[in-house]
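Descriptive structure summary
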Amino acid sequence: MRSQPAPGVSVNIGADGCLELRSDSAVRPGVYRWAPVCTAMWIALRQHDGDIDAAARTLASQWDTAPTDTRADLGIWVDELRDAGLAY
């Protein structure tokens, strides 16, 4: 499964490492902010062209966590992005 940013979404990473996504969509405009762990997930997704499984494997290796747990957490977060209209 893949996840891509929705059109009109801009990205900022703050000095504190937090991820900020801004949606200029007429349907769901807004600014969304997440902790640094989500910044790492976002970067991994972009490095793997939105491939959730590949991103989860990379993160699990870097974090020394179980790949299935990392994949589940990443999947939940991607669902949140989709629900907010920030990804498809």
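In this report, we go over the structure that sits alongside the text. (Residues numbered from 1 in each chain as written. Predicted model: local features only at pLDDT ≥ 70, side-chain atom pairs only at ≥ 80, totals over all residues. Heavy atoms only, no water.)

Looking at helix α1 (residues 36-47)
Quick note on the threshold: Segments assigned H or I by DSSP are reported as helices when at least four residues long, segments assigned E as strands when at least two residues long, and all are numbered from the N terminus. Expected helix span is taken as 1.5 Å per residue step, with the number of steps being one fewer than the number of residues. Residue burial is assigned from relative accessible area. The probe radius is 1.4 Å, only protein chains are included, and a residue is buried under 20% of its type maximum, exposed over 50%, and partly exposed in between.
Along its 12 residues, α1 runs 17 Å from first to last C-alpha, staying within 8% of the 16 Å computed at 1.5 Å per residue. Buried residues of α1: Cys-38, Thr-39, Met-41, Trp-42, Ala-44 and Leu-45, and no others. Taken from the residues just after α1, Asp-49 is the one with a positive phi, measuring 50°.

Points about the pattern of salt bridges
Should the charged atoms of two oppositely charged side chains come close, the side chains can pair. The line we're drawing: Salt bridge criterion: a side-chain nitrogen from Lys or Arg within 4 Å of a carboxyl oxygen from Asp or Glu.
Applying the stated criterion across every chain, the model contains four salt bridges. Residues Arg-33 and Asp-16 are paired through a salt bridge, measuring 2.5 Å at the closest nitrogen-oxygen approach. Within this pair, whereas Arg-33 is found in strand β3 (residues 30-34), its partner Asp-16 is found in the loop between β1 (9-13) and β2 (19-23), the two being separated by 17 residues in sequence. Among the ionic pairs, Asp-53 bridges to Arg-71, the shortest N-O distance being 2.6 Å. Here Asp-53, found in helix α2 (residues 52-63), pairs with Arg-71, found in helix α3 (residues 67-83); they are 18 residues apart in sequence, far enough to count as distant. Residue classification places Asp-53 among the partly exposed residues on the basis of a relative accessible area of 32%.

Notes on the packing of α1 against α3
To keep it simple, the criterion reads: Orientation is described by axes fitted as lines to C-alpha atoms, over the contacting stretch for helices, and by angles from 0 to 180 degrees between their N-to-C directions. Our angle categories are set so that under 35 degrees counts as roughly parallel, over 145 as roughly antiparallel, 65 to 115 as roughly perpendicular, and the remainder as oblique. Any pair of residues with heavy atoms lying within 4.5 Å of one another is described as a contacting pair. Gly is put with the polar residues, along with every residue not named as nonpolar or charged; the nonpolar set is Ala, Val, Leu, Ile, Met, Phe, Trp, Tyr, Cys and Pro, and the charged set is Asp, Glu, Lys and Arg.
As a packed pair, α1 and α3 sit with axes 11 Å apart at the nearest point and diverge in direction by 85°. Regarding the angle of α1 to α3, the classification is roughly perpendicular. On α3, the residues that touch Cys-38, Met-41, Trp-42 and Leu-45 of α1 are Leu-74, Trp-77, Val-78 and Leu-81. Split by residue class, the contact of α1 with α3 holds eight nonpolar, no polar and no charged.

Topic: the packing of aromatic side chains
Let me state the cut-off plainly: Put simply, two rings from Phe, Tyr or Trp (the six-membered ring, in Trp's case) pair if the centres are within 6.5 Å, and we call them stacked under 30 degrees between planes, edge-to-face over 60, tilted for the rest.
Applying the stated rule across the entire model yields two aromatic pairs. Ring geometry for Tyr-32 versus Trp-34: centroids 6.2 Å apart, planes at 15°, classification stacked. Taking the relative accessible area as the measure of exposure, Tyr-32 reaches 23% and is therefore partly exposed. Judged by its relative accessible area of 15%, Trp-34 falls in the buried class. With 5.6 Å between their ring centres and 90° between their planes, Trp-34 and Trp-77 make a pair best called edge-to-face. Within this pair, whereas Trp-34 is found in strand β3, its partner Trp-77 is found in helix α3, the two being separated by 43 residues in sequence.

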